[in-house]
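In case you want the letters, here they are:
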Amino acid sequence: MRGHALVLAGLVAFAAAPALAQGQPPLRCAVDGTFAPHAMPKLGGGVEGFNVDLFQALAKKLGRELVIDSASFAGLIAAMSAGRYDFLCAPTTVTRERAENMLFTEGYIFTEYQFGIRRGSAPITSLEELRGKTISVNKGSAYDSWGQANAQRYGFTVQAYDTNTDAIQAVIAGRAYANLAGNTVVKFAATRNPQFVPDFVMKETRAHWAAPLRRDSTELRDQLDWAIECLKKDGTIAALSEKWFGTKPGADDAENTPFPGRGVPGMPGYDPTPHTRGC
């Protein structure tokens, strides 16, 4: 696996951190360092992005040192299962299949399919309005798969590009009416391209992005879950979301919603036990 380790957070005063933090070794996690705006190369080396800032803040809350490795996402879950990482900092969609094999913290942000259109174009209000239009997607992505599976049903044409950047340029140039990608990617692209604006969201695709851990890491999962909830309550996660995605999250978005229990409600591994410790 390719990668370089970065020490992102130093030890902080333990007065505001769990007692178990004192004397603990550094936490180890990993991201896909090419997935903007969650983790991406920065000038001078290393990576930056929403997830880098988020887990740096979590480590500070726990009073722990954090080491983040940058590597291809395809190998991250296997590396964590083998003990190389304590958890993953990479945004990971919580599915039932994954939750049967790993523990998850509660979701810190919602992922959902979203269209982006050229500024001045008529907004999309329903999928039926895509009939006769062309949508651009990143080749081989989940959005490409959805487009290919639904093109005939809704009457649109799919253009697949090697990168989502190219797919967005197709919209700006008028070769496609809309780009379909993840909501955070669409929002981030809009902050970099004034002629590209976020549009219709497919609410039925909403899922949690959360931190996965090995099944035997219940104690650490609960600590991370506690820190995530505290950073929701004090506004940290919402502020990071607005910084990186360009829009203020709503009151019912995951950035502002502490979920009951530990983990993702309704998924395997979820612990409904009420919380007993404040922030």
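Our structure is the block above this text.
Residues numbered from 1 in each chain as written. Predicted model: local features only at pLDDT ≥ 70, side-chain atom pairs only at ≥ 80, totals over all residues. Heavy atoms only, no water.

### Concerning the overall build of the chain
Phase 1 of the analysis: When its secondary structure is counted, the chain shows eight helices and 13 strands.
Phase 2 of the analysis: Over its C-alpha atoms the chain spans a radius of gyration of 19 Å, differing by no more than 12% from the 19 Å that the globule rule assigns to 279 residues.
Phase 3 of the analysis: Here the C-alpha coordinates of the chain stretch approximately 60 × 45 × 35 Å along the principal axes.
Phase 4 of the analysis: Out of the 279 residues belonging to the chain, those deemed buried represent 52%.
Phase 5 of the analysis: By sequence separation, contacts in the chain at least 24 residues apart represent 73% of the contacts at least 6 residues apart.
Phase 6 of the analysis: Put simply, the chain has 29 plus and 28 minus side-chain charges, and the middle of one group is 2 Å from the middle of the other. (Helix = DSSP H or I, 4+ residues; strand = E, 2+ residues; numbered from the N terminus. Rg over C-alpha atoms; globule rule 2.2 N^0.38 Å. Buried < 20%, exposed > 50% of the residue type's maximum accessible area, 1.4 Å probe, protein only. Contact = heavy atoms within 4.5 Å. Lys, Arg positive; Asp, Glu negative; His and termini not counted. Charge placed at Lys NZ, Arg CZ, Asp CG, Glu CD.)

### Details of the state of the cysteines
Phase 1 of the analysis: The tally for this structure, following the rule as stated, stands at two disulfides.
Phase 2 of the analysis: Disulfide partner of C29: C89, at an S-S distance of 1.9 Å. One quick way to see it: the torsion about the S-S bond of C29 and C89 is about -90°, and its sign makes the bridge left-handed. Taken together, the residues span a long stretch of sequence, with C29 in strand β2 (residues 27-31) and C89 in the loop between α2 (76-81) and β6 (92-93) at a distance of 60 residues. Of the two residues, C29 and C89, both sit in the buried class.
Phase 3 of the analysis: At a sulfur-sulfur separation of 2.1 Å, the disulfide partner of C230 is C279. The sign of the S-S torsion, about -100°, decides the handedness of the disulfide formed by C230 and C279: left-handed. (Disulfide = S-S within 2.5 Å.)

### Examining the pairing of strand β9 (residues 134-138)
Phase 1 of the analysis: Of all five residues in β9, four are buried, a share of seventy percent or more.
Phase 2 of the analysis: As judged from the five bridges shared by β9 and strand β10 (residues 157-161), these two strands associate in the parallel manner. Bridge pairing in β10 links S136 to Q159.
Phase 3 of the analysis: What joins β9 to β10 is helix α4 (residues 142-154), and the crossover it makes is right-handed.
Phase 4 of the analysis: Of the pairings in the sheet, the one linking β9 to strand β11 (residues 178-182) comprises two bridges and is parallel in character. Its bridge partner lying in β11, S136 is registered against N179. (Pairing = 2+ DSSP bridges. Right-handed = clockwise from strand over helix to strand, strands pointing away.)

### Quick look at the pattern of salt bridges
Phase 1 of the analysis: The full count for this structure, using the stated rule, is 11 salt bridges.
Phase 2 of the analysis: Here R28 ties to D86 by a salt bridge, and the two come within 3.2 Å at their closest N and O atoms. One end of the pair, R28, is in strand β2; the other, D86, is in the loop between α2 and β6, with 58 residues separating them in the sequence.
Phase 3 of the analysis: Overlapping salt bridges, with partners in common, bring together E112, K203, R206 and D253 in one network. (Salt bridge = Lys/Arg side-chain N within 4 Å of Asp/Glu carboxyl O.)

Read these as layout, nothing more, since geometry by itself doesn't imply function.
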